[in-house]
Number of protein chains: 2
Amino acid sequence: MTKDENSGKRPTLKDVALAAGVSVATASYALNDVGSVGGDTRRHVLEVAARLGYRPNLSAKAMRTGKTSAIGLILPDLTNPFFPALAQNVVHAARESAYSVFVTDTQGSHEAERAAAQALIQRGVDGLIWFPINDEDTLADLTGSLPVLVLDRDNPRHDLIQIDVDSGGRMAAERLIRAGHQRIGVISGPTDVRSSRQRSESSAEVLRRHDALAWHLHNAYSFDLEPAVAAAVADGSATALCVGADLIALGAINTLRQRGLRVPEDVSIIGFDNIPYGALAFPGLSTINIPVEEMGIEAVNTLLRRIAKPTESRRRLVFDVTYVERGTVAPPPAA
Amino acid sequence: MTKDENSGKRPTLKDVALAAGVSVATASYALNDVGSVGGDTRRHVLEVAARLGYRPNLSAKAMRTGKTSAIGLILPDLTNPFFPALAQNVVHAARESAYSVFVTDTQGSHEAERAAAQALIQRGVDGLIWFPINDEDTLADLTGSLPVLVLDRDNPRHDLIQIDVDSGGRMAAERLIRAGHQRIGVISGPTDVRSSRQRSESSAEVLRRHDALAWHLHNAYSFDLEPAVAAAVADGSATALCVGADLIALGAINTLRQRGLRVPEDVSIIGFDNIPYGALAFPGLSTINIPVEEMGIEAVNTLLRRIAKPTESRRRLVFDVTYVERGTVAPPPAA
DNA sequence: CCTAAAAAATGAAACGTTTAATTAAAATGG
DNA sequence: CCATTTTAATTAAACGTTTCATTTTTTAGG
């Protein structure tokens, strides 16, 4: 009807106001449902906006309000199979609230971590969901009063979402004891992070109590076992393995197979993380499940609440883990 | 020295200009290295900016210039093991050029795809890297003249980065023939996408020429085989399998094992994609490698060039694939 | 009816940049 | 040394919003 379309370009608030025969201010109030606008006017503006296909310019809005409705997600390594599900749920949960997510990974480097954070802050993100490399608060000087939610690590300043790793470690150990094993080896993952260290320590503690701890070794977070670990795994000193990370557990299975040992007939194994690979192995890897999906969702919820109420007291949310039985646990061989 | 720090808030260009005793315009010119600014002045401004820790407000810049130096990445499914490496490289390559990346996945739904695209466009991204669900140009009406780079699909309007799937399909088939197999089954993945269909068709064609095609079936992109496929895989009608996707190939291995058949002693298998899981299986899955990392990098390069020169002629880049031998190919059993 | 109060609508400033148009200063050359 | 050109610096407008302070209109109360 009215030939108000402004030649090609995306319509602006001014265009809407003009077309609706109303001031820019009123148009803004109407669209944002604030201020005092008459019912008829409001409806009319909305209708005109819809007709013109008006979409607010978020850059302009951001500049004026100082809020971008974007958040940053900083992860150690996207190709680590643990993270994609987390990222996915963060992105989806954010979208529910009309937030968009800048995703970055830092390849385990502190410099990259800082660079990423700087870039995001400069972009004006309203908050950060941060899975730090280790427990150090390497961004302390950068984040200032920016809302930050920290995942699976310790941090003295920010909201925390963590996992009850102790209970996970215990569950794994207890399951193997219950299966009748009496010589159980423990392989722990990265040792510079409390949440990782503690998984295996809890296992070890339980095993010690039952006098069933064969040995306790470390391995990098990797499919390849270090020689000492590989040797221990295959030398028959343990009939079962409690491993602090699925990826390492899969590596252990691989090593065992290469040396002609069968899982679970000769050696039982329980991992930790429940990464998707585990379900695809044959037999499926028994493991401790971490509710990554829920963590992702809760991370954005918590962060958005913090953005809304910056002064509310700090939160620390701890998620339960569960044991998922698949095919890598059996009674010890010479039963 | 000079007590010009503006009480807590992030310093603005005005603060820099003030502190440097120069106009805002000059400060802007100096920092962006444009316009005519004296060498001394330029250095001085830079120095002051550094001292104050000035970082431009990107929202303001975006509003003024219409460029956000952000791009969007739209993927079908982040938890599909094929994508994280791609996403990672896109993010890193973008950062090299001071671009940030909004990552979204669409869970295979066309509506989600459109919603994601809309959100990104509204955000004012300078361009899109899009791995569509299928070959339909479902965003045609949304993208307008926005630079878009399409991955692994066909599209009549945008720059394309594709894979030489034909050669991949042929390589796989030829490798199995060369190993001595004469009854080879083909399982193709999703059939509604050319690039996926063609993988298996190329394999089948080669096999037909050698009179070695036992059968050609379809399976959804999934670890679980459909009953008919599972039956064919295990009924001895084929001594080798040419599979259009690693995930399905792993599912086939699993099915074979469950029915007491060994890989590769009884049945040889070659997959397609080279997803990370494959390397972790035992034995490792022989497969066709797609250079996802390079594709990710080249995607942002191509997109950024397109953003810079919107009128340049359309590009179509085709990446070679390679065969990677691991442990799932052997001569046929009754050799 | 008139006035006071409440509701609706508006004008204009502000957010932090970039950049076109302008002016001021310095360099060049006859 | 003056006129001209080149170089350097400045002023001010503009980008698309939100929102404060005002003005205009409507409603209510006596």
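- An unreviewed UniProt entry lists chain A under the name LacI family transcriptional regulator, with Nitrospirillum viridazoti CBAmc given as the organism.

### Topic: the pattern of salt bridges
Pairs can form between side chains of opposite charge once their charged atoms are near each other.
Residues and elements named next belong to chain A.
Stage number 1. Enumeration according to the criterion identifies 20 salt bridges over all chains in this entry.
Stage number 2. As a salt-bridge pair, Arg199 and Asp273 come within 3.0 Å of each other at their nearest N and O atoms. Here Arg199 is found in helix α9 (residues 194-209), whereas its partner Asp273 is found in the loop between β9 (268-270) and α12 (276-280), with 74 residues between them in sequence.
Stage number 3. What makes Arg199 buried here is its relative accessible area of 8%.

### Side note on the domain arrangement of chain A
Residues and elements named next belong to chain A.
Stage number 1. According to the domain assignment, chain A consists of domain 1 (13-56), domain 2 (66-163 + 292-320) and domain 3 (165-290).
Stage number 2. Taking the mean C-alpha position of each, domain 2 and domain 3 sit 30 Å from one another.
Stage number 3. Summing both partners gives a buried area of about 1,100 Å² for domain 2 against domain 3, and 52% of it is carried by carbon and sulfur.
Stage number 4. Broken down residue by residue, the surface that domain 2 buries against domain 3 is led by Pro81, Phe82 and Ile163, which jointly contribute 44%.
Stage number 5. Across the domain 2-domain 3 interface, the total number found is one salt bridge.
Stage number 6. The residue Arg194 makes a salt bridge to Asp154 at a minimum N-O spacing of 2.5 Å.
Stage number 7. Where domain 2 touches domain 3, the interface holds six residue pairs in polar contact (both at pLDDT 80 or more).
Stage number 8. Mapped by element, the contributors of at least two residues to the side of domain 2 that touches domain 3 are β5 (159-163) and α13 (292-308).
Stage number 9. Its residues placed into classes, the side of domain 2 that touches domain 3 shows six nonpolar, three polar and four charged.

### Observations regarding the protein's contact with DNA strand C
Stage number 1. For DNA strand C, the set of nearby residues contains 26 residues, the closest of which are Gly38 and Thr41 of chain A together with Leu13, Ser28 and Arg64 of chain B.
Stage number 2. Among the atoms of DNA strand C close to the protein, meaning within 4 Å, 57% are from sugar or phosphate groups.
Stage number 3. Contact distances for DNA strand C include 3.0 Å between a phosphate oxygen and a side-chain N or O atom of Thr12 of chain B.
Stage number 4. Residue Asn32 of chain B places a side-chain N or O atom 3.1 Å away from a phosphate oxygen belonging to DNA strand C.
Stage number 5. Put simply, the parts of the chain that give the surface near DNA strand C at least two residues each are α2 (24-32) and α4 (58-65) of chain A together with α2 (24-32) and α4 (58-65) of chain B.
Stage number 6. No other element matches the five residues that α4 of chain B contributes to the surface near DNA strand C.
Stage number 7. By residue class, the composition of the surface near DNA strand C is twelve nonpolar, ten polar and four charged.

### Concerning the nonpolar core
Stage number 1. One finds Ile129, Leu241 and Ile269 of chain A together with Ile129 and Ile269 of chain B to be the most contacted residues of the largest nonpolar core, which totals 151 residues.
Stage number 2. By size, the runner-up hydrophobic cluster in this structure holds 30 residues, among which are Ile74 and Val125 of chain A together with Phe102 and Trp130 of chain B.

### A closer look at the interface of chain B and chain A
Stage number 1. Every contact between the two is made by 48 residues of chain B and, on the other side, 48 residues of chain A.
Stage number 2. Carbon and sulfur atoms make up 59% of the area that chain B and chain A hide from each other, which totals about 4,100 Å².
Stage number 3. Three residues, Gln122, Arg123 and Leu280 of chain B, lead the burial of chain B against chain A; their summed loss comes to 17% of the area buried on that side.
Stage number 4. Where chain B packs against chain A, one counts zero salt bridges.
Stage number 5. The tally of links between chain B and chain A comes to 18 residue pairs in polar contact (both at pLDDT 80 or more).
Stage number 6. If you list the elements that add at least two residues to the side of chain B that touches chain A, you get α4, α5 (83-96), β2 (100-105), α6 (110-123), α11 (246-258) and α12 (276-280) of chain B.
Stage number 7. When residues in the side of chain B that touches chain A are grouped by element, the largest group, seven residues, is from α5 of chain B.

### Digging into unusual backbone geometry
Stage number 1. Of the consecutive residues Phe282 of chain A and Pro283 of chain A, the connecting peptide bond is found in the cis state with omega at -5°.
Stage number 2. Following the sequence through the fold, Pro283 of chain A ends up in the loop between α12 and β10 (287-289).
Stage number 3. Put simply, Val263 of chain B and Pro264 of chain B share a cis peptide bond, and its omega is 5°.
Stage number 4. In this structure, Pro264 of chain B sits in the loop between α11 and β9 (268-270).
Stage number 5. Positive phi, normally seen in glycine, also occurs at Asp152 of chain A, with a value near 60°.

Calculation notes
Residues numbered from 1 in each chain as written. Chains lettered and ligands numbered in written order. Predicted model: local features only at pLDDT ≥ 70, side-chain atom pairs only at ≥ 80, totals over all residues. Heavy atoms only, no water. Salt bridge = Lys/Arg side-chain N within 4 Å of Asp/Glu carboxyl O. Helix = DSSP H or I, 4+ residues; strand = E, 2+ residues; numbered from the N terminus. Buried < 20%, exposed > 50% of the residue type's maximum accessible area, 1.4 Å probe, protein only. Domains from an automatic or database assignment. Buried area = accessible area lost by both parts, 1.4 Å probe. Polar contact = N/O pair within 3.5 Å; in protein donor to acceptor, adjacent residues only side chain to side chain. Nonpolar A, V, L, I, M, F, W, Y, C, P; charged D, E, K, R; others polar. Near = heavy atom within 4 Å. Core = buried A, V, L, I, M, F, W, Y, C linked by side-chain atoms within 4.5 Å. Contact = heavy atoms within 4.5 Å.

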